[in-house]
Amino acid sequence: MDNNQRLKEDLQRAIKSQDTLRKRVLRLLISTIQLAEVSKGSPLSDLEFLAVVQKEIKTKLDTIADAEKAGRAEMAAESRMEIKELEAYLPKQLTETELISLAEQTIREVGAASPKDMGQVLKVLIPKLAGRATNQDASRVVKDCLSKLA
């Protein structure tokens, strides 16, 4: 079943069960995906779908940070619940150890020797992640691994 069909079926279940949080999150995600498809001019690939979901999660994380600064704990808590709903559409995330191992393997594969080679490593590593880790986490791990080599 494709991602759009899955989202629509999940939305129907949320409407029937009167789950307002899930219903709101799914409508937002469906809308964001439709906008991305219109701007692209064709349906999103699985990797592009995962990128949209990760972008929505990042937006929610930014909302949490802003809400906590403003002392709005209820808004931060609601955003955390929305993130949990969105994470259901991502593949199982890599552990820190698995990510480090994959980064080190990619560093050897590319032949990187210093932090200057970070761009080359990330160019090869990010497609391997396929939504199982954020680009931000990948960047942090690669930077750490390369700085140990220097």
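Quick look at the structure, then.

Thresholds applied
- Residues numbered from 1 in each chain as written.
- Predicted model: local features only at pLDDT ≥ 70, side-chain atom pairs only at ≥ 80, totals over all residues.
- Heavy atoms only, no water.
- Helix = DSSP H or I, 4+ residues; strand = E, 2+ residues; numbered from the N terminus.
- Buried < 20%, exposed > 50% of the residue type's maximum accessible area, 1.4 Å probe, protein only.
- Expected span 1.5 Å × (residues − 1).
- Contact = heavy atoms within 4.5 Å.
- Salt bridge = Lys/Arg side-chain N within 4 Å of Asp/Glu carboxyl O.
- 1 Å grid on protein atoms, 1.4 Å probe; cavity = no way out; pocket = protein on both sides within 12 Å on 5 of 7 lines; lining within 4 Å.
- Points joined across faces, edges and corners; volume = space filled by probe spheres on them.
- Nonpolar A, V, L, I, M, F, W, Y, C, P; charged D, E, K, R; others polar.
- Axes fitted to C-alpha atoms, helices over the stretch in contact; angles between N-to-C directions.
- Left-handed = near helix turned anticlockwise from the far one by under 90°.

## Let's talk about unusual backbone geometry
Here's step 1: Phi is positive for Gln-18, close to 55°, though the residue is something other than glycine.
Here's step 2: Tracing the sequence through the fold places Gln-18 in the loop between α1 (3–16) and α2 (20–40).
Here's step 3: Gln-18 gets classed as exposed once you look at its relative accessible area, which sits at 65%.

## A short note on helix α4 (residues 73–87)
Here's step 1: In this model α4 runs 21 Å from its N-terminal to its C-terminal C-alpha over 15 residues, within 8% of the 21 Å that 1.5 Å per residue would give.
Here's step 2: Looking at α4, one finds that the buried residues are Ala-76, Ser-79, Glu-82, Ile-83, Glu-85 and Leu-86.
Here's step 3: On the buried face of α4, the contacting elements are α2 and α3 (46–69).

## So, the environment of Arg-72
Here's step 1: Here Arg-72 shows up in the loop between α3 and α4.
Here's step 2: Distance from Arg-72 to Lys-116, taken between C-alpha atoms, is 41 Å for residues 44 residues apart in sequence.

## Remarks on the pattern of salt bridges
Here's step 1: Under the definition given, this model contains 14 salt bridges.
Here's step 2: A salt bridge links Glu-68 to Arg-80, with the shortest nitrogen-to-oxygen separation between them at 2.3 Å. Taken together, the residues Glu-68 in helix α3 and Arg-80 in helix α4 connect sequence positions 12 residues apart.
Here's step 3: Among the residues examined, Glu-68 registers a relative accessible area of 46% and is labelled partly exposed.
Here's step 4: Here Lys-128 and Glu-109 are joined by a salt bridge, their closest N and O atoms 2.7 Å apart. Here Lys-128 is found in helix α6 (residues 118–129), whereas its partner Glu-109 is found in helix α5 (residues 96–110), with 19 residues between them in sequence.
Here's step 5: Salt bridges here are not isolated pairs; linked through shared partners, they connect Arg-6, Asp-10, Arg-13, Arg-22 and Glu-85.

## Describing the layout of surface pockets
Here's step 1: The volume enclosed by the largest pocket comes to roughly 410 Å³.
Here's step 2: Lining the largest pocket are 20 residues, and of these Gln-54, Ala-133, Thr-134, Asn-135 and Asp-137 lie nearest its centre.
Here's step 3: Among the secondary structure elements, those contributing two or more residues to the lining of the largest pocket are α3, α4, α5 and α7 (135–149).
Here's step 4: Top contributing element to the lining of the largest pocket by residue count: α3, with five residues.
Here's step 5: Tallied by class, the residues present in the lining of the largest pocket amount to seven nonpolar, six polar and seven charged.

## With respect to the packing of α2 against α4
Two measures define how a pair of helices packs: the angle their axes make with one another and the distance between the axes.
Here's step 1: Taken N-terminus to C-terminus, the directions of α2 and α4 make an angle of 65°; their axes are 10 Å apart at the nearest point. In this structure, α2 crosses over α4, and the sense of that crossing is right-handed. Taken together, the residues of α4 that come into contact with α2 (itself represented by Leu-21, Arg-22, Arg-24, Val-25 and Leu-29) are Glu-78, Met-81, Glu-82, Glu-85 and Leu-86.
Here's step 2: Each residue belonging to the contact of α2 with α4 can be placed in one class, and the counts come to five nonpolar, no polar and five charged.

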